[in-house]
Amino acid sequence: MTTLPASVDRYIVDHRIVLALKTISEVLGCTIHEAIDVFAVRYEELRRDRPDDFSVGPEEYGRGFYS
């Protein structure tokens, strides 16, 4: 996978889902649906490797976001 900019990780950790998806889509030149798949993988990696960086728990993270 192409290396994503550090801003994507910050957006994911800071619960800024739309900005993360927009950045992923622009950087990779992919559709939003493809960006969602990339986001999901990176989200899981960050949750595993940096759980204390998240201010929102996993059960609340995607609440209110519909794709």
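Observations concerning the overall build of the protein chain
Counting secondary structure elements, the protein chain contains four helices and zero strands. Sequence-ordered secondary structure for the protein chain, helices as α and strands as β, is α-α-α-α. Relative to a compact globule of 67 residues, whose C-alpha radius of gyration would be 11 Å, the protein chain shows 11 Å and is just as compact. Considering only residue pairs separated by 6 or more positions, the protein chain has 43% of its internal contacts joining residues 24 or more positions apart. Of the side-chain charges in the protein chain, 8 are positive and 12 negative, and the distance between the mean point of each set is 4 Å.

Conventions adopted
Residues numbered from 1 in each chain as written. Predicted model: local features only at pLDDT ≥ 70, side-chain atom pairs only at ≥ 80, totals over all residues. Heavy atoms only, no water. Helix = DSSP H or I, 4+ residues; strand = E, 2+ residues; numbered from the N terminus. Rg over C-alpha atoms; globule rule 2.2 N^0.38 Å. Contact = heavy atoms within 4.5 Å. Lys, Arg positive; Asp, Glu negative; His and termini not counted. Charge placed at Lys NZ, Arg CZ, Asp CG, Glu CD.

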